[in-house]
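Observations on the three-dimensional arrangement
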Amino acid sequence: IVITNAGEVFKDVTVTVASLVPPTISMIVPEDGFKIIKGGVLAFKPTVQGDSTSTKFDWTVNGSSSASTKSYNFSQSTVGTYTVKLATSNEDGKDELSFKVQVCNASDLPFSWTFDQTECNMSLGRTIRIKAWDIVNDFGGTYTWSVDGTQKQTGSQTYYLFTGSSVGKHKVTVKMKNTYTEESQDIIVNVCPAEGTYQRPVTASSNKLSNKVYEFMAAPGQFTNQGYTATTMEKAVEYATRRLGQEAYVSLGGYGGYLVVGFDHSVVNDGSYNLEILGNSFAGSSEPGIVYVMQDENGNGLPDDTWYELAGSETAKGNVIYDYSITYYKPSAPGMNTQWKDNQGNTGTVDYNNFHRQDYYYPSWAPKNTLTFHGTCLPANSKETSPGYWYNTEYEWGYVDNFSPIDRLTTDINYGAAANGNHFRISDAIDYKGNHVSLKYIDFVKVATSVNSKAGWLGEVSTEVFQVRDFNIIKSQVKSNRGR
């Protein structure tokens, strides 16, 4: 307002008060700090929320400044424990992160590995791959594989191809030996009777819907833990069972999250489409999940046998990552991003957002503070076509929750994002090398989110499953109705 003897004048002015955005640091740090061999390199690549062109970075090692960049490669040639600190600052505030790095001789670094199973089941005459995963600190070790006490393979190969030539129980032993240590692991392989021994025929009362959920382990995601509380696998299975029964979505979360179901009969391979799995894809919204199938090879009614991937349009293109592995880390407090790292040298986050306000996106029933998934990873297919508009492009065929022009068997654009099915052939089953596998039938189905990707403000790409169906029964019902 301006006031003079001649009068007064005023003008409204709008003042916008923006929230402060300090440069908050997020980085995966083991509880007991890092360990590294002397002379080795640790590449630190923190995520900094609120990072801007004015953000300053200061890395110090034992109090001495070492770098002023966002990323930093740590290396020391002297054994000892070092304190590393990153300090960030901008006009809105500052943050810092401090942790220990222990520089060791090779002999002081522990070797570790993991195995998906230590007891395997397979049909007579088939070949399975037994693989060591997540290997740490083998320092060029030698792997020796033996079967029933007879050495079969030695060298750097971290997997062994076992062929079941005789029915019965066999012991496969793998030993890793390097200059500093030696470790071994036994894997029991049950070679079961030939395919077909435990096939369950379809009857007039067979249900077209999967009748049992065996496992549901979501990866971190914005729908994980939303609207349900599960502290055990059993509670998670109850939730998934209820949702599928209502033809409501079960979100598998980010890469690796999976759902395992079974049928009250064996689903026969007739060479055409045998399975229908419902997602909610539409143009611009495809969140592809890979399908895996299994026979009940040992006849115990449980999905503890051999999984086979169903090939899709991307399988033969050479743009997928096989033997992909990702580890998620439970956030230390509610409302935080979930960090991850993979076996390709990448790190990142599943971002917490304002749309889904549950405390954690990390699954509450995961047994540990880290969660690792293995599988096939499809290339990211999300793009920002205009500012703020993200488009999740579909693949041609072969994936759940994918707006396929081929295997949806309809031209309906699904404008309302209703549940709609993709269709799958058991005859598309492949093994660990991508080779065709002949399966006369299957008993169990697994669907897993198969893209590690984010689409801006939409968040992580996460496969949704509404139902899993025996499409053979649907086809026979249609045929019967037409014949009336």
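Just so it is clear, the model here is predicted, and its values are computed rather than measured.

**Points about the nonpolar core**
Counting 63 residues, the largest nonpolar core has Phe-216, Leu-259, Ile-277, Val-293, Tyr-328, Val-445 and Val-465 as its most contacted members. Element by element, the count of residues in this core is highest for strand β23 (residues 258-268), at six residues. Setting aside its immediate chain neighbours within four residues, Ile-277 contacts Val-291, Val-400, Asn-420, Gly-421, Asn-422, Phe-424, Val-445, Val-447, Val-465, Gln-467 and Val-468.

**Observations regarding the pattern of salt bridges**
Evaluation of the coordinates by the stated rule reveals 15 salt bridges. Residue Glu-238 is joined to Lys-235 by a salt bridge in which the shortest nitrogen-to-oxygen separation is 4.0 Å. A residue pair is termed a helical-turn pair when its members lie 3 or 4 positions apart in one helix, as Glu-238 and Lys-235 do in helix α1 (residues 233-245) at three residues. As a salt-bridge pair, Lys-317 and Glu-314 come within 3.3 Å of each other at their nearest N and O atoms. Note on Lys-317: relative accessible area 47%, which makes it partly exposed. Among the residues examined, Glu-314 registers a relative accessible area of 4% and is labelled buried. Connected through shared salt-bridge partners, Arg-126, Glu-195 and Glu-297 make up one network.

**Regarding the sheet that holds strand β25 (residues 289-294)**
If you trace the six strands from one edge of the open sheet to the other, you get β21-β23-β35-β25-β26-β34, paired in antiparallel fashion. At either end of the open sheet lies a strand with only one pairing partner, and these are β21 (212-217) and β34 (429-430). Of the pairings in the sheet, the one linking β25 to strand β35 (residues 441-449) comprises six bridges and is antiparallel in character. Counterpart to Val-293 in the pairing with β35 is Val-445. Of the strands in this sheet, β21 and β23 are in contact with α1, which crosses β21 at around 120°.

**Notes on α1**
Counted at 1.5 Å a residue, the expected span for α1 with its 13 residues is 18 Å, and the 18 Å between its end C-alpha atoms agrees. Of the residues making up α1, those classed as buried are Ala-236, Val-237, Tyr-239, Ala-240, Arg-243 and Leu-244. Buried residues in α1, looked at end-on, bunch into an arc of 160°, giving them a common side. Residues of α1 that are exposed and point over 90 degrees away from its buried face: Glu-234 and Gly-245. Elements in contact with the buried residues of α1: β21, β22 (250-251), β23, β36 (464-465) and β37 (467-470). Directly beyond the C-terminal end of α1, a positive phi value near 50° is found at Glu-247.

Parameters and conventions
- Residues numbered from 1 in each chain as written.
- Predicted model: local features only at pLDDT ≥ 70, side-chain atom pairs only at ≥ 80, totals over all residues.
- Heavy atoms only, no water.
- Core = buried A, V, L, I, M, F, W, Y, C linked by side-chain atoms within 4.5 Å.
- Buried < 20%, exposed > 50% of the residue type's maximum accessible area, 1.4 Å probe, protein only.
- Helix = DSSP H or I, 4+ residues; strand = E, 2+ residues; numbered from the N terminus.
- Contact = heavy atoms within 4.5 Å.
- Salt bridge = Lys/Arg side-chain N within 4 Å of Asp/Glu carboxyl O.
- Pairing = 2+ DSSP bridges.
- Axes fitted to C-alpha atoms, helices over the stretch in contact; angles between N-to-C directions.
- Expected span 1.5 Å × (residues − 1).
- Arc of directions from axis to C-beta.

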